[in-house]
Amino acid sequence: MSDSTPHPHVMALLFDMNFKGPTDSMVFRHLNGQPFAEEEQAIARGATIEELQAAGAHVHNPEVEAEADAAALKLAELLFKYVIPHRKVLVPFMTHEDMLEYGRLETIVIAGADAKE
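The present account deals with the structure reproduced in this document. The shown structure was predicted, so the numbers you read here are calculated from the model rather than taken from an experiment.

What counts as what
Residues numbered from 1 in each chain as written. Predicted model: local features only at pLDDT ≥ 70, side-chain atom pairs only at ≥ 80, totals over all residues. Heavy atoms only, no water. Helix = DSSP H or I, 4+ residues; strand = E, 2+ residues; numbered from the N terminus. Contact = heavy atoms within 4.5 Å. Areas by Shrake-Rupley, 256 points an atom, 1.4 Å probe, with all protein chains shown as cover. Patch = residues over 30% accessible without salt bridge, like charges linked within 9 Å, V, L, I, M, F, W, Y side chains within 5 Å. Salt bridge = Lys/Arg side-chain N within 4 Å of Asp/Glu carboxyl O. Buried < 20%, exposed > 50% of the residue type's maximum accessible area, 1.4 Å probe, protein only. Arc of directions from axis to C-beta. Core = buried A, V, L, I, M, F, W, Y, C linked by side-chain atoms within 4.5 Å.

### Some remarks on the overall build of the protein
In terms of helices and strands, the protein carries six helices and zero strands. Summarising the internal contacts of the protein: among those between residues at least 6 apart in sequence, 39% fall at separations of at least 24. Surface accessibility of the protein: about 9,200 Å² in total, with carbon and sulfur atoms responsible for 63%.

### A few points about a nonpolar patch on the surface
Taken together, Leu-75, Leu-78, Leu-79 and Tyr-82 make up a surface patch of nonpolar side chains, about 400 Å² in accessible area. Mapped onto the secondary structure, Leu-79 falls in helix α4 (residues 62–83).

### Digging into helix α1 (residues 8–15)
Along α1, the residues that are buried comprise Val-10, Met-11, Leu-13 and Leu-14. The buried side chains of α1 occupy one side of the element, clustering within an arc of 160° when seen end-on. Along α1, the residues that are exposed and aim more than 90 degrees away from the buried face are Pro-8, His-9 and Phe-15. On the buried face of α1, the contacting elements are α2 (38–45) and α3 (49–54).

### Topic: the nonpolar core
By size, the foremost hydrophobic cluster in this structure holds twelve residues: Val-10, Met-11, Leu-13, Leu-14, Met-17, Phe-28, Phe-36, Ala-44, Ala-47, Leu-52, Ala-55 and Ala-57. In terms of residue count, α1 provides more of this core than any other element does, four residues in total. Excluding residues that lie within four positions of it along the chain, Met-11 makes contacts with Pro-6, Glu-51, Ala-54 and Ala-55.

### What to know about the side chain of Glu-106
By the secondary structure assignment, Glu-106 is in helix α6 (residues 96–116). With a relative accessible area of 15%, Glu-106 lands in the buried category. Apart from the residues within four sequence positions on either side, Glu-106 is in contact with Ile-84 and Arg-87.

If you want it as structure tokens, here you go:
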């Protein structure tokens, strides 16, 4: 078994772990609220990223977060190409506050584009 293969005893423990507990505590708890025994604490602390992810835990991964941020920017740029020429179609779907904010931001973007020319 490779190191990236989840171990059944670790997975069984992680599936009974309350991942929504306080993040400032290093004491892991069962779903019923009971604290893990010392041996269980050690197993949970030694779980691999793959095991934690397989159990459904959110694991901080800077590479994935950076990729998601870059994708969000690209998505916004892609949508922007279609929104500006067809903005009148979007207006009926906007709240009054969103329309005001859209108009304010559109003015800034257009002024910036004019300044570059």
